[in-house]
Amino acid sequence: MEFAPDRNRGFIHALQMDKDNTKILAMLTLGGGSLIFGLLPAFFSRQSRRRQPLMVSNLLCFGAGVLLSTSLIHMLPEVREKLPNYPELIFCGGFFMVYVADELMHCLCGEAIRHIHNDPPRVQQHHGHSHSHGTAPGYGSLSETQSLLDDSSDNRQADTIRQIEDRADAEANARICHTNHSEPCEQSLAGHAGLLLALSLHSILEGIAVGVQDTSAKVLLLLGAVACHKFVVGFCLGVELSSTPGSRFRNHLLAILIFSFGSILGIGIGMAIVDLKTIYDTSALQVLQAVAGGTLLYVTVCEVLPREKARWHLSNKKFAGMGQCLSVMAGFGTMTLLSIYMKEE
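Residues numbered from 1 in each chain as written. Predicted model: local features only at pLDDT ≥ 70, side-chain atom pairs only at ≥ 80, totals over all residues. Heavy atoms only, no water.

> What is the right way to read the overall build of the protein from this model?
Check the secondary structure of the protein and you find 11 helices and 0 strands. When the elements of the protein are put in sequence order from the N terminus, they spell out α-α-α-α-α-α-α-α-α-α-α. When contacts within the protein are restricted to residue pairs at least 6 apart in sequence, those whose partners lie at least 24 apart make up 86%. Taken as a whole, the protein presents about 19800 Å² of accessible surface, with 65% of it coming from carbon and sulfur. (Helix = DSSP H or I, 4+ residues; strand = E, 2+ residues; numbered from the N terminus. Contact = heavy atoms within 4.5 Å. Areas by Shrake-Rupley, 256 points an atom, 1.4 Å probe, with all protein chains shown as cover.)

The following block contains the structure:
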């Protein structure tokens, strides 16, 4: 019986080691899985993205639904539960913070960051007269020069009429949809930086939640819930980053590495801190969570959705907008179910 205390200490030490090993496994799973899912969209060739632009747009809309649910269904209730005083006000503060940052970037360094506003759809010129005889005409004769001048004049006239008709159609559609169909900026550094920071911060907080668990069973349960959520969000972040015009794989890789490292850092913090529950429930962390949720809301409703709607409402595919709507609802529903599952666990 005199060796019982030593045996108990050895058993407790073994349990502690098992718990720490499970948390290290969680680090590798969340970090490696997020990296893989976030980089998958970067390996879609640009040619395939050009061949299937509507599919890419639907993926982006699916990601918008995921971000919308993450912001309103997943993050806001958590903040309200742990920070009952003015959570919605802090949430809106994050929304306006990114809004102000985006507008300041437009005002101060719009040329430097190459904010490109797309023009209305251009009408292709059809040179029907020059190819009607089946043989390529020679250059230099007076008749051919006159023919070219006539063709150019006819084309300019037809283009002018077509542009007037397109403008009238656009104004009519805008009155129906109550929105402008010209695309917003193709590049929004404030939006992308805000999206990356918000998701990375949320990853750190989720990692802390895993790191503060006191048993291996709890770590594994929370790991499964967080992994389902984080991998979907990582893929959607990758789609958004890869859809940016002129994006480079190096920048994409750096952004996904930052996002993936968030969970690893969070679990490490959770393992290192002493007063686990008290520190995790501090108001400062919940304020950051609320600000991150407001940031995601801004990126979703002010950048991703308006941009994708503007790209397809004037196209000849009548049901493209409905497909986008269904994609948003699918993303929202998927993340809502995952959030409910996480809350139950």
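> Explain the confidence of the model for the protein here, please?
The pLDDT averaged across the protein works out to 75; a share of 66% of its residues lies at or above 70. Residue range residues 111-142 is modelled with pLDDT below 50. Its contacts to residues more than four positions away, or to other chains, number 28 contacts. (pLDDT = per-residue confidence, 0-100.)

> Just to check I follow, could you spell out the side chain of Ser216 for this structure?
Topologically, Ser216 is positioned in helix 7 (residues 216-242). A distance of 3.3 Å separates polar atoms of two side chains, one belonging to Ser216 and the other to Thr22. Not counting chain neighbours up to four residues away, the residues in contact with Ser216 comprise Asp18, Lys19 and Thr22. (Polar contact = N/O pair within 3.5 Å; in protein donor to acceptor, adjacent residues only side chain to side chain.)

> Explanation requested: the environment of Leu59 in the structure shown.
Relative to the helices and strands, Leu59 resides in helix 3 (residues 53-82). With a relative accessible area of 27%, Leu59 lands in the partly exposed category. A C-alpha to C-alpha distance of 8.8 Å links Leu59 and Val328, two positions 269 residues apart in sequence. Ignoring any residue separated from it by four or fewer positions in sequence, one finds Leu59 in contact with Phe235 and Val239. (Buried < 20%, exposed > 50% of the residue type's maximum accessible area, 1.4 Å probe, protein only.)

> I tried to follow the pattern of salt bridges on my own but got confused; where do I start?
Opposite charge on two side chains lets them pair, provided their charged atoms get close. Under the definition given, this model contains 3 salt bridges. Its salt-bridge partner being Glu88, residue Arg80 comes within 3.0 Å of it at the nearest N-O pair. A relative accessible area of 35% places Glu88 in the partly exposed class. A salt bridge links Arg307 to Glu308; its shortest N-O distance comes to 2.8 Å. The pair Arg307 / Glu308 is uniform in exposure class, with both members buried. (Salt bridge = Lys/Arg side-chain N within 4 Å of Asp/Glu carboxyl O.)

> Looking at this structure, I do not really get empty space enclosed by the protein. What am I missing?
Unfilled space is identified by rolling a water-sized probe across the atoms. Per the stated rule, a full pass over the model turns up 2 cavities of 30 Å³ or more. There is about 70 Å³ of room inside the largest cavity. The wall of the largest cavity is formed by 13 residues, among which Gly63, Ala64, Leu67, Cys236 and Glu240 lie closest to the centre. Put simply, the parts of the chain that give the lining of the largest cavity at least two residues each are helix 3, helix 6 (189-211), helix 7 and helix 10 (283-312). With 5 residues, helix 3 is the single largest residue contributor to the lining of the largest cavity. (1 Å grid on protein atoms, 1.4 Å probe; cavity = no way out; pocket = protein on both sides within 12 Å on 5 of 7 lines; lining within 4 Å. Points joined across faces, edges and corners; volume = space filled by probe spheres on them.)

> Hey, could you run me through the nonpolar core in this one?
Taken as a class, soluble globular proteins show a tendency for nonpolar side chains to be buried jointly. Counting 32 residues, the largest nonpolar core has Leu195, Leu199, Val233, Leu237, Phe259 and Leu296 as the members making the most contacts within it. Elements represented by at least two residues in this core include exactly helix 3, helix 4 (87-109), helix 6, helix 7, helix 8 (249-272), helix 10 and helix 11 (320-344). Discounting chain neighbours no more than four positions away, the residues touching Leu237 are Leu195, Leu196, Leu199, Ile256 and Phe259. Among the nonpolar cores identified, the runner-up in size contains 14 residues, and Ala26, Leu223, Val226 and Phe231 belong to it. (Core = buried A, V, L, I, M, F, W, Y, C linked by side-chain atoms within 4.5 Å.)

> Even after reading the chapter, I still don't get helix 3, so can you show me in this structure?
Owing to its 3.6 residues per turn, the α-helix aligns residues three or four sequence positions apart on the same side. End to end, helix 3 covers 42 Å across 30 residues, agreeing with the expected 44 Å (1.5 Å per residue, within 8%). Bending of helix 3 peaks at approximately 35° at the position of Met75, with proline Pro77 no more than four residues after it. (Expected span 1.5 Å × (residues − 1). Bend = angle between axes of the 7 residues up to and from the residue.)

> Please explain the packing of aromatic side chains as it appears in this structure.
Each aromatic ring pair is summarised here by two numbers: the centre-to-centre distance and the angle between the ring planes. In total, this model carries 5 aromatic pairs according to the counting rule given. A centroid spacing of 5.1 Å and a plane angle of 10° characterise the contact between Phe37 and Phe231, whose relative ring orientation is stacked. Remark: Phe231 occurs in helix 7 and Phe37 occurs in helix 1 (residues 4-39); sequence separation between them is 194 residues. With centroids separated by 5.9 Å and ring planes inclined at 55°, the aromatic side chains of Phe43 and Phe249 adopt a geometry described as tilted. Taken as a pair, Phe43 in the loop between helix 1 and helix 2 (46-51) and Phe249 in helix 8 lie far apart in primary sequence, 206 residues in all. Here a set of aromatic residues connected by ring pairs shows up, and it is made of Phe95, Phe96, Tyr99 and Tyr298. Across from the ring centre of Phe259, 3.7 Å away, lies the NZ or CZ of Lys230, which sits over that ring. (Phe/Tyr/Trp six-rings, centres within 6.5 Å; stacked < 30°, edge-to-face > 60°. Lys NZ or Arg CZ within 6 Å of the ring centre and 35° of its normal.)

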